[in-house]
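Structural overview for review
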Amino acid sequence: MKRKGIILAAGTGSRLYPLTNGICKQLLPIYNKPMIYYPLSVLMLAGIKEILLITTAQDYDLFVRLLGDGSLFGITIKYEVQETPKGLADAFILGEDFIQGDSVALILGDNLFYGADLINKLKEADAENRGATVFGYPVLDPERYGVIDFDIDGKVVGIQEKPKVPKSKYVITGLYFYDMTVVEKAAKVKPSKRGELEITDINLMYLQEGTLDTKILGRGMTWLDTGTFESLHEASSFIRTIEHRQGLKIGCPEEVAWRNGWITNDNLFDLGTKMNKNDYGNYLLQLVEN
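1. Looking at the overall build of the chain
- Summing up its helical and strand segments, the chain has 11 helices and 13 strands in all.
- Relative to the compact-globule value of 19 Å for 290 residues, the chain shows a C-alpha radius of gyration of 19 Å, a close match.
- Taking all 290 residues of the chain together, the buried fraction comes to 53%.
- Nonlocal contacts in the chain, meaning residues at least 24 apart in sequence, comprise 73% of its contacts between residues at least 6 apart.
- When the accessible surface of the chain is summed, it comes to about 14100 Å², and 51% of that surface belongs to carbon and sulfur atoms.
- If you average the places of the 32 positive and of the 38 negative side-chain charges in the chain, the two averages end up 2 Å apart.

Here it is as structure tokens:
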């Protein structure tokens with residue numbers, strides 16, 4: 001069964017106020033490319049070609065101008081407007097017509113993933129047609145996230161949503177793989193005390209069914225949630241260091257599409273030629289030449 005993808009790029013990122021006051025956070029640059037390129041590339045690395053981007057009414061035209069219908073990347077991108085922020089689980093209610101009974105992956109528009117084993121973990125999660133797969137990662141401030149509760153044998157027994165006293169330092173990242181029942185589950189979620197439809201409630205439903213798989217991203221893997229000034233700077237510095245050191249691009253959807261065989265050498269050459277006055281365009285041209 002094919003899997004579709006959703007990028008949740010709605011919301012203004014209040015923790016970045018006033019930087020994002022009236023500006024879409026996911027269109028801000030992380031080093032040398034728009035933030036939205038990074039989650040888009042992750043879904044493409046997983047082999048997902050049909051993507052729904054959920055945004056706000058004021059940012060809709062900006063995303064369409066940047067990404068179009070996705071054909072430049074050999075994929076299909078559709079758009080849905082979220083009028084007011086209602087929580088992550090709302091993505092599956094808004095995306096019900098798009099999902100149409102298929103399995104789906106959700107990624108948050110301000111999340112960045114990197115690591116040598118990333119593609120393998122994405123492929124493993126995509127291969128699962130039943131249940132849910134989430135990714136755990138150790139952080140210093142787990143109280144900001146959904147925290148994983150383990151028993152003494154290391155088995156996941158619970159998930160705490162933004163707890164004041166976290167039971168572990170491992171949190172669930174902003175990348176989720178679900179089977180076709182996620183839409184049905186999302187419809188059952190009730191607003192939390194924060195007034196949001198929490199994705200933790202969906203994960204708990206899968207956990208209670210015994211179909212929640214948690215993959216830990218350990219040493220050698222990087223996950224950055226760019227929701228604060230510090231994390232924005234950290235992400236840009238991280239990307240700059242890796243790209244300057246290795247001469248490779250991170251979060252480059254044109255390259256992912258080309259390596260997946262979704263666009264041709266000629267397509268990549270044309271894309272690079274249009275941007276040949278900057279480093280990004282020259283990088284695409286070098287891929288073809290090499």
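2. Looking at the pairing of strand 10 (residues 156-161)
- Here strand 9 (residues 146-150) pairs with strand 10 via five bridges, running antiparallel. In the sheet register, Gly 146 faces strand 10, and the bridge partner there is Glu 161.

3. Focus on the packing of aromatic side chains
- One pass over the structure, following the stated rule, counts 11 aromatic pairs.
- Centre to centre, the rings of Tyr 37 and Phe 73 are 6.3 Å apart; their planes meet at 80°, and the pair counts as edge-to-face. In this pair, Tyr 37 is assigned in helix 1 (residues 37-45) and Phe 73 in the loop between helix 2 (60-67) and strand 5 (76-81), connecting sequence segments 36 residues apart. Each member of the pair, Tyr 37 as well as Phe 73, carries the same accessibility label: buried.
- Centroid distance Tyr 178 to Tyr 206: 5.4 Å. Interplanar angle 20°. Geometry classified as stacked. Here Tyr 206 lies in helix 7 (residues 199-209) and Tyr 178 lies in strand 11 (residues 170-178), a separation of 28 residues in the sequence. Comparing Tyr 178 with Tyr 206 shows no difference in burial state: the two are buried.

4. Examining the pattern of salt bridges
- Considering all chains together, one arrives at 19 salt bridges under this definition.
- In this structure, Lys 121 engages Asp 117 in a salt bridge whose closest nitrogen and oxygen atoms are separated by 3.9 Å.
- Note on Lys 121: relative accessible area 16%, which makes it buried.
- For Glu 161, the salt bridge is made with Arg 194, and the minimal N-O distance between the two is 3.8 Å. Residue Glu 161 is located in strand 10, and its partner Arg 194 is located in the loop between helix 6 (182-188) and helix 7; the two are separated by 33 residues in the primary sequence.
- Arg 194 sits in the partly exposed class, given a relative accessible area of 44%.
- What you see here is one network of salt bridges that share partners, running through Glu 161, Lys 162, Arg 194, Glu 196 and Glu 198.

5. Topic: the environment of Ile 239
- Within the element layout of this structure, Ile 239 appears in helix 8 (residues 229-246).
- Taking the C-alpha atoms as reference points, Ile 239 and Leu 112, separated by 127 residues in sequence, lie 9.9 Å from one another.
- In contact with Ile 239, not counting residues within four places along its chain, are Ile 30, Tyr 31, Lys 33, Tyr 38, Leu 112 and Ile 250.

6. Structural notes on the nonpolar core
- Leu 40, Leu 53 and Leu 67 are the most contacted members of the largest nonpolar core, which has 47 residues in total.
- Per element, the largest residue contribution to this core is five residues, and it comes from helix 1.
- Of all hydrophobic cores here, the second largest spans 32 residues; its members include Phe 98, Val 134, Val 182 and Leu 212.

Calculation criteria
Residues numbered from 1 in each chain as written. Predicted model: local features only at pLDDT ≥ 70, side-chain atom pairs only at ≥ 80, totals over all residues. Heavy atoms only, no water. Helix = DSSP H or I, 4+ residues; strand = E, 2+ residues; numbered from the N terminus. Rg over C-alpha atoms; globule rule 2.2 N^0.38 Å. Buried < 20%, exposed > 50% of the residue type's maximum accessible area, 1.4 Å probe, protein only. Contact = heavy atoms within 4.5 Å. Areas by Shrake-Rupley, 256 points an atom, 1.4 Å probe, with all protein chains shown as cover. Lys, Arg positive; Asp, Glu negative; His and termini not counted. Charge placed at Lys NZ, Arg CZ, Asp CG, Glu CD. Pairing = 2+ DSSP bridges. Phe/Tyr/Trp six-rings, centres within 6.5 Å; stacked < 30°, edge-to-face > 60°. Salt bridge = Lys/Arg side-chain N within 4 Å of Asp/Glu carboxyl O. Core = buried A, V, L, I, M, F, W, Y, C linked by side-chain atoms within 4.5 Å.

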